[in-house]
Amino acid sequence: MRHTISVLVENKFGVLSRVSGLFSGRGYNIESLSVGETIDPQISIMTIVTSGDDWVIEQITKQLNKLIDVIKVVDLTEFDHVQREMILIKVAPKRENKVEVLRLAEIFRGRVLDSSPQTFTIEVTGEEKKIAAFIELMKPMGIKEFVRTGTVAMAREISKKK
Amino acid sequence: MKMSGAEIVVECLKREGVKHIFGYPGGVILNIFDLLYDDKDLKLILTRHEQGAVHAADGYARVTGRPGVVLVTSGPGATNTVTGLATASMDSIPLVVLTGQVPTVLIGNDAFQEADIVGISRPCTKYNILSKDVKNLSKEIREAFYIARTGRPGPVLIDLPKDVTSGKTDFVWPEQVSIRSYNPTYEGNKWMIEKAARAIAQSKKPLIIAGGGCILSDASEEVRELAEFSSIPVTMTMMGLGSFPGSHDLSLGMPGMHGTFYANKSIQNADLLIAIGMRFDDRVTGKIEAFAPHAKIIHIDIDPTSIRKNVSVDIPIVGDVKRILTVLNRVMKEEMKEQWSEVRKAWLKQVADWKHERPMTYTRSDEVIKPQFVVEKIYELTAGDAIITTEVGQNQMWAAQFYKYDKPRTWLSSGGLGTMGYGFPAALGAQMAAPDKLVIDIAGDGSIQMNIQELATAVIYKLPVKVAILNNRYLGMVRQWQELFFSERYSHTNLDVTPDFVALAEAYGAVGLRATKPSEVEPVLKEAFSIKRTVFMDFVVDWKEKVYPMVPAGASIDEMLFEEKEKPAEKKLKAVK
């Protein structure tokens, strides 16, 4: 099963490689990972999307906790939470599809960030499924490239453990 | 007071109570070595290879329980420590390893003798750090010692760029250490401990498996109290040898791949396993699906990741083994008034029958020296009062099987990583830590050659370590696998040209002795033990001898091969292949 794990770490040199090294060294899979500073610049937060059965996920959270620079680990999958990902996607539609691309972007509440005679670069934000759906719809339009941020997630303020 | 980084390092080591450092100098670490030149309180033991220095510090730590300290230079000096770090990491041994590094301005420039040792050693240390500012140095060293010895112990590496050790700052000694992201659990959950006590009370066929954690936590007394009070037999993993007296009536010796018949049989028939400070390594469990099929499992360990890593656990208790057992023993004694020896009578009888059915044994000989005979003789002549280190392979298993370890910290062996070349330098460290003890490295002719350069260290520091080489002219354990599982195709395990170990020892200024007949074993050992010098004993042993019992890798631990059943068992195995 897929899990979204939030990891609070010391904002120190080498912490990212400790975390990624733990995953690679023990054969765990990272589907996405995003890192950024928190309100306290000495602390960073990582959002890791990974998958595995209960045994694997238990080991992952324990192993993360064991790292000296890790302050806190929360498996958000156990809680109500919100999560978002952003994609920048550059499409080069045929002339007859240009309007369709813009219409689809609007349906997905996307924004055109850049356009050229041949291409549109569109920003879409949403849960992973929404991003995946948008990619599917853009495929026949002619995707030139895209880049994704990976998931960021947060527990809801009024959040019960599932 | 302004001090240089090097002076801070030396001052911090002293304040941490360090007396001995194992190391090897080089360019960028000279700032520190220079201070050690005329220091009266810190003694540096110059090994002949950095790997030897780390193993020696490891042996020192296993004997004293305090972190072993290593000081080496950058680049190759640092990379040579890696096997030692991995060895200590797998066996949870506290070390503080200080490596030199090129000046911070050169880092990343592929400078001479530059290696990213922090990157290289990350997966085989408990923690490591590149020191970047002399102002933080005392705090970093203090934290390194703290991290190394607390929680589940392990090696910590600090990388010291040359400009950090030459830079100056005011010295501040942090009295307290507090790391917000590092708070090991020591006290076990009270409710879980009570639950464990009830499970023990209800169990008809309980078994204790004591691991290395019992030694690291200095919990031998508590293990013994639990076993004796509630009449529970005890098996000790290889790392746990010495945590419970091997000569005790309740001792079943070692379980697992080369464990005793009765230990494995007891595991497979127990209705409750009390696993203490051990981690269900594959060499202990064999085929995991078939392991302890009837048993509930109580698992006590300080490391939460050890719990439910390999086996499913019914009663997990995270915390320090000694503290948990202290509470558990109290609960047992206060609340449970049964006559345990009566309650367990049938089970203890069953276990005794298994012991009787297949004791640890081998075929004796008057013509050739059996390696097991040498180990037995060592046990007999020392009365078990020695520190034994081992290399890895057959020598290690025979040393585990045929010598009874009654006290903790008297058995030093690379369990997790299985590092050939560990035993001799570890013996030197052990001898530094315990100058009055008899320290014996039980070695093979293959392993001893992996750090044989340390003979120079032994001789120069007058360390009267005894090395008993069970010389079978083969990489015996690998050869054993080839014989059993690879149709006797002895690919590259024949060490045809082994050196003349007697002459070699003498070339270094040590004493060399040799025994080629069984009748010579005892005189050689006696002579070696009577000489206050480093002695190499070359025991020319039966090269055909194999380690039994044996559970083939991947088989259930009750599918054991025995010596006398060798032929049909081998056939069966070959047929399976």
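Rules behind the numbers
Residues numbered from 1 in each chain as written. Chains lettered and ligands numbered in written order. Predicted model: local features only at pLDDT ≥ 70, side-chain atom pairs only at ≥ 80, totals over all residues. Helix = DSSP H or I, 4+ residues; strand = E, 2+ residues; numbered from the N terminus. Rg over C-alpha atoms; globule rule 2.2 N^0.38 Å. Buried ≥ 20, exposed ≤ 12 C-beta atoms within 10 Å, placed from the backbone. Contact = placed C-beta atoms within 7 Å. Domains from an automatic or database assignment. Nonpolar A, V, L, I, M, F, W, Y, C, P; charged D, E, K, R; others polar. Pairing = 2+ DSSP bridges. Axes fitted to C-alpha atoms, helices over the stretch in contact; angles between N-to-C directions. Right-handed = clockwise from strand over helix to strand, strands pointing away. Core = buried A, V, L, I, M, F, W, Y, C linked by C-beta atoms within 7 Å. Parallel < 35°, antiparallel > 145°, perpendicular 65-115°, else oblique. Expected span 1.5 Å × (residues − 1). pLDDT = per-residue confidence, 0-100. Left-handed = near helix turned anticlockwise from the far one by under 90°.

Novice: Before we go on, may I ask you to explain the overall build of chain B in this structure?
Specialist: Helix and strand content of chain B: 24 helices and 19 strands. Relative to the compact-globule value of 25 Å for 577 residues, chain B shows a C-alpha radius of gyration of 24 Å, a close match. C-alpha extents for chain B along the principal axes are approximately 70 × 60 × 45 Å. Counting every position in chain B, which comprises 577 residues, the buried fraction comes to 55%. For chain B, restricting intrachain contacts to residue pairs at least 6 apart in sequence, the fraction spanning at least 24 positions comes to 77%.

Novice: Help me out: how do you make sense of the domain arrangement of chain A in this one?
Specialist: Interface size is commonly expressed as the accessible surface area that is lost when the partners come together. All names here are of chain A. Domain parsing of chain A yields domain 1 (2-79) and domain 2 (82-153). Computed from C-alpha coordinates alone, the two centres of domain 1 and domain 2 are separated by 29 Å. Across the contact, 8 residues belong to domain 1 and 6 residues belong to domain 2. Looking at the side of domain 1 that touches domain 2 element by element, the count peaks at 3 residues for strand β2 (residues 30-37). Across the side of domain 1 that touches domain 2, the residue classes break down as 3 nonpolar, 5 polar and no charged.

Novice: I'm lost on the sheet that holds strand β4 (residues 68-72) of chain B in this one. Help?
Specialist: Consider a sheet: its strands pair through backbone hydrogen bonds, and that pairing is either parallel or antiparallel. Residues and elements named next belong to chain B. The parallel open sheet is built from 6 strands, whose spatial order is β3-β2-β4-β5-β7-β6. Pairing within the sheet leaves two strands with one partner each, and these edge strands are β3 (43-46) and β6 (127-130). Neighbouring strand axes in the sheet, compared pairwise and without regard to direction, differ in orientation by 20 degrees on average. Two elements, strand β5 (residues 95-101) and strand β7 (residues 155-161), share 7 bridges in a ladder whose sense is parallel. By the bridge assignment for β7, L98 is matched with I158. Across the sheet, helix α5 (residues 82-90) is in contact with β5 and β7; its angle to β7 comes to roughly 145 degrees.

Novice: I keep staring at the pairing of strand β18 (residues 511-515) of chain B and nothing clicks. Help me out?
Specialist: Residues and elements named next belong to chain B. With 5 bridges connecting them, β18 and strand β19 (residues 535-540) associate as parallel partners. Residue pairing for β19: R514 is matched across the bridge by D538. In the classification by handedness, the crossover that spans β18, the intervening helix α23 (residues 518-530) and the parallel β19 is right-handed.

Novice: Which parts of the structure should I look at to understand the nonpolar core?
Specialist: In summary, soluble globular proteins display a tendency toward joint burial of nonpolar side chains. Grouped together as the largest cluster of nonpolar side chains are 200 residues, with contacts concentrated most on V70, I208, V223, L273, I276, A468 and F539 of chain B. If you look at the next biggest cluster of nonpolar residues, it comprises 12 residues, including I87, I89, V124 and F134 of chain A.

Novice: Quick question: what am I supposed to make of the interface of chain B and chain A here?
Specialist: In this assembly, 12 residues from chain B lie in contact with 16 residues from chain A. The residue makeup of the side of chain B that touches chain A, split by class, is 6 nonpolar, 2 polar and 4 charged.

Novice: Quick question: what am I supposed to make of the packing of helix α3 (residues 50-64) of chain B against α5 of chain B here?
Specialist: Two numbers describe a pair of packed helices, the interaxial angle and the distance between the axes. Residue and element names in this part refer to chain B. Packing of α3 against α5 leaves a shortest axis separation of 7 Å and a crossing angle of 25 degrees. Taken together, the axes of α3 and α5 lie roughly parallel to each other. Facing α3, whose interface residues are Q51, V54, H55 and D58, α5 presents T83, G84, L85, T87 and A88. A per-class count over the contact of α3 with α5 returns 3 nonpolar, 5 polar and 1 charged.

Novice: Which parts of the structure should I look at to understand α3 of chain B?
Specialist: Three or four residues apart is the spacing at which side chains of an α-helix point the same way, because the helix has 3.6 residues per turn. All names here are of chain B. With 15 residues, α3 should cover 21 Å at 1.5 Å per step; its first-to-last C-alpha distance of 21 Å lies within 8% of that length. Of all 15 residues in α3, 14 are buried, a share of seventy percent or more. With its phi angle positive at about 80 degrees, G65 sits one or two positions after the end of α3.

Novice: What is the right way to look at helix α17 (residues 371-382) of chain B in this model?
Specialist: All names here are of chain B. Counted at 1.5 Å a residue, the expected span for α17 with its 12 residues is 16 Å, and the 17 Å between its end C-alpha atoms agrees. Residues P371, Q372, F373, V374, V375, K377, I378 and Y379 constitute the buried set of α17. A383 sits one or two positions beyond α17 and adopts a positive phi of about 55 degrees.

Novice: What is the right way to read the environment of P67 of chain B from this model?
Specialist: As for its placement among the helices and strands, P67 of chain B is situated in the loop between α3 and β4. With near-sequence residues (within four places) excluded, P67 of chain B lies in contact with A61, P94, L95, V96, F145, A148 and R149 of chain B.

Novice: Can you help me understand the sheet that holds strand β3 (residues 43-51) of chain A in this one?
Specialist: Residue and element names in this part refer to chain A. Spatially, 4 strands are ordered β2-β3-β1-β4 in an open sheet, and the strand pairing comes out antiparallel. Each edge of the sheet is formed by a strand with only one pairing partner; in this case those strands are β2 and β4 (70-75). For this sheet the average axis-to-axis angle between neighbouring strands, irrespective of direction, equals 15 degrees. Pairing of β2 with β3, which is carried by 7 bridges, proceeds in the antiparallel orientation.

Novice: What is the right way to look at the confidence of the model for chain B in this model?
Specialist: It should be kept in mind that the predicted coordinates are not to be read in detail where pLDDT is low. Model confidence for chain B is summarised by a mean pLDDT of 96, while 98% of its residues fall at 70 or above. In the predicted complex, the global pTM is 0.95; the interface-specific ipTM is 0.90.

Novice: I keep staring at the packing of helix α11 (residues 220-229) of chain B against helix α14 (residues 321-335) of chain B and nothing clicks. Help me out?
Specialist: All names here are of chain B. Viewed as axis vectors pointing N to C, α11 and α14 meet at an angle of 25 degrees, and their least axial separation amounts to 9 Å. With respect to α14, the element α11 is oriented roughly parallel. Remark: the crossing between α11 and α14 carries left-handed chirality. Counted together, E222, V223, E225, L226 and F229 of α11 and K322, L325, T326, L328, N329, M332 and K333 of α14 form the full contact between these two elements. Tallied by class, the residues present in the contact of α11 with α14 amount to 6 nonpolar, 2 polar and 4 charged.

Novice: Please explain the domain arrangement of chain B as it appears in this structure.
Specialist: All names here are of chain B. Per the domain assignment, the segments making up chain B are domain 1 (2-170), domain 2 (190-357) and domain 3 (371-540). Computed over C-alpha atoms, the centres of domain 1 and domain 2 are 37 Å apart. In terms of residue class, the side of domain 1 that touches domain 2 is made up of 1 nonpolar, 3 polar and 2 charged.

Novice: Help me understand the pairing of strand β17 (residues 466-471) of chain B, please; the structure alone is not making it clear to me.
Specialist: Side-chain positions along a regular strand alternate between the two faces of the sheet. Residue and element names in this part refer to chain B. Across the 6 residues that make up β17, a large majority, 6, are buried. Side chains K466, A468 and L470 project from β17 onto one buried face, and the interleaved V467, I469 and N471 project onto a second face that is buried too. Across 5 bridges, the pairing between strand β16 (residues 439-444) and β17 is parallel. Directly across from A443, in β17, lies its bridge partner I469. Viewed along the sheet, the connection from β16 through helix α20 (residues 455-460) into β17 turns out right-handed.

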